[in-house]
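Working through the structure, step by step
Spelled out, the chains give:
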Amino acid sequence: MPELLEVEAARTLVEALALNRPIAAVRAPDTWYLKRGLTPRAVRKALPGRRLTTARRRGKLLLVDTSGERSELAGAASVRGAGNPPRSECDQSAGPTIGLHLGMSGRVLIDGEAAGDPLLYASNRENVQWHRFIIEFADGGRLAMRDPRRLGAVELDPDEDRLGVDALELALPYLRSVVSRSRAPLKAVLMDQSRIAGLGNLLVDEALWRAGLDPARPAESLDAGEQVRLRRAIATTLRVLGRRGGSHTGDLMVARLPGGLCPKDGVALLRRTVGGRTTYSCPRHQL
DNA sequence: GATGACCTGTGA
DNA sequence: TCACAGGTCATC
């Protein structure tokens, strides 16, 4: 369920609470959670001694940069014997970038604090077994990835370019080029992270509902006016739902259930699979 | 571009 | 007991 808005909330949390605190240790109890060949040992080697310097976001990917220099930590694996030359990473101006994918039930906790409202479709009970990746700071605090469903992931130096333009930076000419070049269902194009990054199932349904566009329509069938409406609806959806507190605060959300009625004109909503995802839309005003 | 698998908590 | 939620990836 974390879509762009939830990841942005997590980013803000990291930025506010976790930067510039020396890392004492890293725990990755769930090996499965580490992706692209990353191992607990490699993480323990790469991060202790560094600080988190920047919290960025591209689409649904949370990126946390680390410092190049490593502070001395008594007993930490990074401490070398006297006279040893520093490791090559120590000479670089920046350390590795931590890539956090929240998957569908992941949250970032810092010193026990989480951003935003509890997630849907995910338990909100506490259970330390769900902490898949933990950064322990030298000051005793910690950053933890909590993910009951294990669909999230952690990697180092993720390939950021596999993601397209961030949905918050979506300009009309780019949207136009993306949409006009595909015969796929409009919804599938909007959810394709390599073209537009950040929109998930709920945000797309809400934006299309606001734009009055049928999710199943071939993307290329949109005329110029509809493209403008779509861009505005995406921007409005992100702004309004962002203020309200997340992807699940949309007007359509209350009706996302079998037999739900369109909040705009009271007609029974259509429920079907579009672009591989459960999709709700209004047969009356989404054309 | 569509489909199914991954994974597990939830609610019927 | 089982369908379902959904981001992402491999496979068709």
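Every value quoted in this text rests on a predicted model; they were computed, and no experiment measured them. Along each chain, numbering runs from 1 in the same order as the chain's sequence is written. Ligands are numbered from 1 and chains lettered from A, in the order in which they are written. A pLDDT threshold of at least 70 governs which residues receive local features in this predicted model, and a stricter bar of 80 or more applies before side-chain atom pairs are shown or counted, although totals over entire chains, interfaces and linings include all residues. Hydrogens and waters are ignored; side-chain quantities use all the structure's heavy atoms.

1. A short note on the pairing of strand β9 (residues 153-156)
The buried label goes to any residue with under 20% of its type's maximum accessible area, the exposed label to any with over 50%, and the partly exposed label to all in between, with areas taken from a 1.4 Å probe on protein chains only. Helix and strand assignments come from DSSP, with helices taken as H or I runs of at least 4 residues and strands as E runs of at least 2, each series counted from the N terminus. Going residue by residue along β9, you find Ala-153 and Glu-155 tucked away on one face and Val-154 and Leu-156 tucked away on the opposite face as well. Note on pairing: DSSP must find at least two bridges between two strands before they are called paired. With four bridges connecting them, strand β4 (residues 94-101) and β9 associate as antiparallel partners. Note that in β9 the partner of His-101 across the bridge is Ala-153.

2. Observations regarding the nonpolar core
One finds Val-14, Leu-52, Ile-98, Val-108, Phe-133 and Leu-143 to be the most contacted residues of the largest nonpolar core, which totals 31 residues. Here this core takes four residues from helix α1 (residues 4-17), the largest share from any one element. The contact criterion used is simple: two residues touch if any of their non-hydrogen atoms lie within 4.5 Å. If we skip the residues at most four places from it in the chain, Val-108 touches Ala-10, Leu-13, Val-14, Leu-62, Leu-100, Leu-102, Glu-113, Ala-114, Ala-115, Leu-143, Ala-144 and Met-145. For the purposes of this section, nonpolar cores are sets of buried Ala, Val, Leu, Ile, Met, Phe, Trp, Tyr and Cys residues that join through side-chain atoms within 4.5 Å. Counting residues in each nonpolar core, the second largest holds 27 residues, with Leu-4, Val-178, Val-189 and Leu-213 among its members.

3. Some remarks on the sheet that holds strand β6 (residues 113-114)
The five strands are arranged β1-β7-β8-β5-β6 in an open sheet whose pairing can be described as antiparallel. Two strands lie at the open edges of the sheet, namely β1 (23-27) and β6, each paired on one side alone. Relative to strand β8 (residues 142-146), strand β5 (residues 107-110) is paired through four bridges, and the arrangement is antiparallel. By the bridge assignment for β8, Arg-107 is matched with Arg-146. Interaxial angles span 0 to 180 degrees and are taken between N-to-C directions of axes, which are lines fitted to C-alpha atoms, for helices over the stretch in contact. Along the sheet face, α1 touches β5, β6 and β8 and points at about 15 degrees away from the line of β5.

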